[in-house]
Amino acid sequence: MKKVSVAFSSLVALILLGSSCSKKNDSKPVCKIVTITDVSPSSTTTYNLSYNNDGKLSTLQSTSGSTTTSKVFTYNNDVILITTTSGSDTQTDSVVVNGDGLIQSNLHRDGSNKTVTTYTYSGTQLQKYVSQYNDEAPTTTTTTFANGDLTAISDGETFSYNTDKAASVGDYLSLAQLIQYGATFIKTTHQIKSFAFGSSIENFNYTYDSHGNISGITATGGSDIETITYQYNCNN
């Protein structure tokens with residue numbers, strides 16, 4: 001998603017998987033997001049998602065204008081291989097997850113260049129991450145949590161939350177991570193409401209379907225408005 005790669009650049013290019021629908025009865029269908037439509041002031045991008053037999057994201061195809069990019073996620077124990085194809089270019093990145101299913105490390109390739117990032121946790125809360133680009137000196141970023149939520153990172157970004165809403169797949173932060181990695185490294189208690197970096201502030205407003213799933217997000221930053229909508233496949 002276009003804004004994600006810009007706004008969360010310090011979080012290593014974040015960017016859906018499914019969620020359990022919330023209904024007011026005992027029979028809750030299991031819902032997976034199968035289509036995402038992201039409309040920004042400059043472009044419209046459509047994402048189509050499919051899943052393996054374990055319910056994990058297996059393919060992601062994004063189309064923006066005449067450009068189509070596909071990702072294939074392959075799972076082998078604690079390793080996720082992510083093969084991205086755009087035009088004639090193909091690259092394979094790798095993610096290693098820990099016992100809590102959180103990202104322990106990831107390797108991202110860009111041509112002959114590579115970036116390796118490792119993550120340190122206290123329980124399930126991210127404490128810091130260390131990134132190294134090729135043979136350059138590694139850089140360390142630290143985080144601050146409060147009330148179970150990421151509130152700040154050491155480069156100056158701050159975050160706020162809808163404390164009356166629990167975090168769920170489909171909120172902006174979950175969306176960003178899972179599409180990029182097939183896994184997460186930031187786990188929060190509540191739904192992200194906004195983040196700020198310097199004088200720039202991004203606000204998120206959510207809509208819901210009849211099952212209680214997030215059906216859409218409106219992201220507003222200054223005069224720019226990005227609209228994200230979801231389509232689900234639910235099995236009773």
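Please refer to the structure placed before this passage.
Residues numbered from 1 in each chain as written. Predicted model: local features only at pLDDT ≥ 70, side-chain atom pairs only at ≥ 80, totals over all residues. Heavy atoms only, no water.

K.L.:
Just checking my understanding: could you explain helix α2 (residues 172-181) for this structure?
P.N.:
Because each turn of an α-helix spans 3.6 residues, side chains separated by three or four positions in sequence point in the same direction. Taking burial as the measure, the 10 residues of α2 include 10 buried ones, the bulk of the element. Positive backbone phi, approximately 75°, marks Gly182, located one or two places after α2. (Buried < 20%, exposed > 50% of the residue type's maximum accessible area, 1.4 Å probe, protein only. Helix = DSSP H or I, 4+ residues; strand = E, 2+ residues; numbered from the N terminus.)

K.L.:
How do you make sense of the pairing of strand β15 (residues 200-208) when you look at a structure like this?
P.N.:
The side chains of a regular strand alternate, residue by residue, between the two faces of the sheet. As defined by bridge partners, strand β14 (residues 190-197) adjoins β15 across 4 bridges and the pair is classed as antiparallel. Across the sheet, Phe195 pairs through a bridge with Glu202, a residue of β15. Where β14 folds back onto β15 in an antiparallel hairpin, the turn is made up of 2 residues, including Gly198, whose phi is positive at roughly 65°. Here β15 folds back onto strand β16 (residues 214-221), and the loop between the two strands holds 5 residues, one of which, Gly212, carries a positive phi near 90°. (Pairing = 2+ DSSP bridges.)

K.L.:
Explanation requested: unusual backbone geometry in the structure shown.
P.N.:
What is expected of a backbone is that most residues other than glycine have negative phi and most peptide bonds are trans. Here the phi dihedral of Asn77 falls at roughly 60°; this positive angle occurs in a residue that is not glycine. Tracing the sequence through the fold places Asn77 in the loop between β5 (67-76) and β6 (79-86). Taking relative accessible area as the criterion, Asn77 reaches 74% and is therefore assigned exposed. Despite not being glycine, Asn147 shows a phi value in the positive range, around 60°. Looking at the element boundaries, Asn147 is found in the loop between β11 (139-146) and β12 (149-153). The exposed category is assigned to Asn147, whose relative accessible area is 59%.

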